[in-house]
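Read off the chains here:
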Amino acid sequence: DGRSTATLALFQINKKNELQSIATPDGNRYDQVGKSRSRGAELEVNVRPTDAWQLTGGYSYIDASVIADVIKNRVGAMLTNAPKRSVSLLSRYSFAEGALKNFGFGVGTVYRSDRAGTLPTAATTQYLTLPAYTTLDLVVYYNNASIDASLKLSNALDEVYYQSAYGVQRVNPGRPRQLSLNVR
């Protein structure tokens, strides 16, 4: 009936001599990893239950790990900044008639599972783990032929999270709650 679509991707990516961040007692550095493999699946589903309501959801599972290296502690370790599981959901509703014609609102959420921020070294099997997080976004918008405006509250619950890391001294926090207005 044209109200729903789905996309599924299965993949395997093999790399050799890729640079990855490792933690050392004297700071961070990059080191080559012998062989790594990322394999998994991504699913995206779009559904329009009504002409005014749209739902989009996504799920991915990625097993990204070191499969061969001269440093044995790294073999089997998760690659940096690659969550095993990611989930997203967006719901949008647009009013087509009545007093709220051309207005709409949306709610979106994103989940990322924990992931490695560094790789193990020859001296230790330990590595930095970035914890899982979930964020929630809210938006109200107005669209017509001459104006396109939106008011978005990103990370509405002000979740403290770490988006990525490039060693223990370079951990990148996610954005705190943020309100933005866009008009075109």
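Residues numbered from 1 in each chain as written. Predicted model: local features only at pLDDT ≥ 70, side-chain atom pairs only at ≥ 80, totals over all residues. Heavy atoms only, no water.

Visitor: Would you mind going over the packing of aromatic side chains in detail, with residue names and values included?
Guide: What characterises a pair of aromatic rings is the spacing of the ring centres plus the angle enclosed by the ring planes. Applying the stated criterion to the full structure yields five aromatic pairs. Both rings, one in Y93 and one in F95, keep their centres 5.0 Å apart while their planes meet at 70 degrees; by these two values the pair is edge-to-face. Under the relative-accessibility criterion, F95 is labelled partly exposed at 26%. Considering the side-chain rings of Y133 and Y161, the 4.3 Å spacing of their centres and the 25 degrees angle between planes classify their relative orientation as stacked. Taken together, the positions of Y133 in strand β8 (residues 133-143) and Y161 in the loop between β9 (148-154) and β10 (162-165) put the pair 28 residues apart, joining distant regions of the chain. On the basis of relative accessible area, Y133 is assigned to the buried category, the value being 9%. (Phe/Tyr/Trp six-rings, centres within 6.5 Å; stacked < 30°, edge-to-face > 60°. Buried < 20%, exposed > 50% of the residue type's maximum accessible area, 1.4 Å probe, protein only. Helix = DSSP H or I, 4+ residues; strand = E, 2+ residues; numbered from the N terminus.)

Visitor: Can you explain the pattern of salt bridges? Please cite residues and give values.
Guide: In total, this model carries five salt bridges according to the counting rule given. Between K15 and E18 there is a salt bridge; the shortest N-O distance is 3.6 Å. In this structure, R184 and D148 form a salt bridge, with 2.8 Å as the shortest nitrogen-oxygen distance. In this pair, R184 sits in the segment after β12 (178-183) while D148 sits in strand β9, placing the two residues 36 residues apart along the sequence. (Salt bridge = Lys/Arg side-chain N within 4 Å of Asp/Glu carboxyl O.)

Visitor: Residue-level account of a nonpolar patch on the surface, with values.
Guide: Taken together, the side chains of L100, F103, F105, V107, L138, V140, I147, L151, L179, L181 and V183 make up a nonpolar region of the molecular surface, amounting to roughly 950 Å² of accessible area. At the level of elements, β5 (103-112), β8 and β12 are the ones that each hand at least two residues to the nonpolar patch. For L181, the position within the fold is in strand β12. Exposure remark for L181: the relative accessible area of 60% places this residue in the exposed category. (Patch = residues over 30% accessible without salt bridge, like charges linked within 9 Å, V, L, I, M, F, W, Y side chains within 5 Å. Areas by Shrake-Rupley, 256 points an atom, 1.4 Å probe, with all protein chains shown as cover.)

Visitor: Tell me about the side chain of S86, and name the residues and values.
Guide: Secondary-structure assignment places S86 in strand β4 (residues 85-94). In this view, S86 contacts G58, Y59, S60, Y111 and R112; residues no more than four positions away in its chain are not counted. (Contact = heavy atoms within 4.5 Å.)

Visitor: Quick rundown of the pairing of β5? Include the residues and the values.
Guide: As paired strands, β4 and β5 are joined by nine bridges and run antiparallel to one another. Residue pairing in the sheet places S86 in a bridge with R112 of β5. Here ten bridges tie β5 to β8, and the two strands are oriented antiparallel to one another. Looking at β8, one finds that G104 is bridged to Y141. (Pairing = 2+ DSSP bridges.)

Visitor: Break down the pairing of β10 for me, citing the residues and quoting the values.
Guide: Pairing of β10 with strand β11 (residues 171-173) involves three bridges; the strand directions are antiparallel. Bridging from a neighbouring strand, Y162 pairs with P173 of β11. Linking β10 back to β11 in an antiparallel pair, the connection comprises five residues, with G167 at a positive phi of about 105 degrees.

Visitor: Break down the environment of F103 for me, with residues and values.
Guide: Here F103 shows up in strand β5. In the structure, F103 is positioned 39 residues away from Y142 in sequence and 4.4 Å away in space, judged by C-alpha atoms. Setting aside residues up to four positions removed in sequence, F103 forms contacts with Y93, S94, F95, Y141 and Y142.

Visitor: Break down the environment of A9 for me, citing the residues and quoting the values.
Guide: Looking at where A9 falls in the secondary structure, it is placed in strand β1 (residues 4-24). You can call A9 partly exposed: its relative accessible area is 31%. Considered as a pair, A9 and R85 are 76 residues apart in the sequence and their alpha carbons are 15 Å apart.

Visitor: Mind laying out the nonpolar core, listing which residues take part and the relevant values?
Guide: I22, V33, I62, A64, V66, A77, L79, A82 and L119 together form the largest nonpolar core, which totals nine residues. Residue contributions to this core peak at three residues, all from strand β3 (residues 53-68). Each residue touching I62, except ones within four places of it in the same chain, is listed here: F11, S38, R39, G40, E42, P83 and K84. (Core = buried A, V, L, I, M, F, W, Y, C linked by side-chain atoms within 4.5 Å.)

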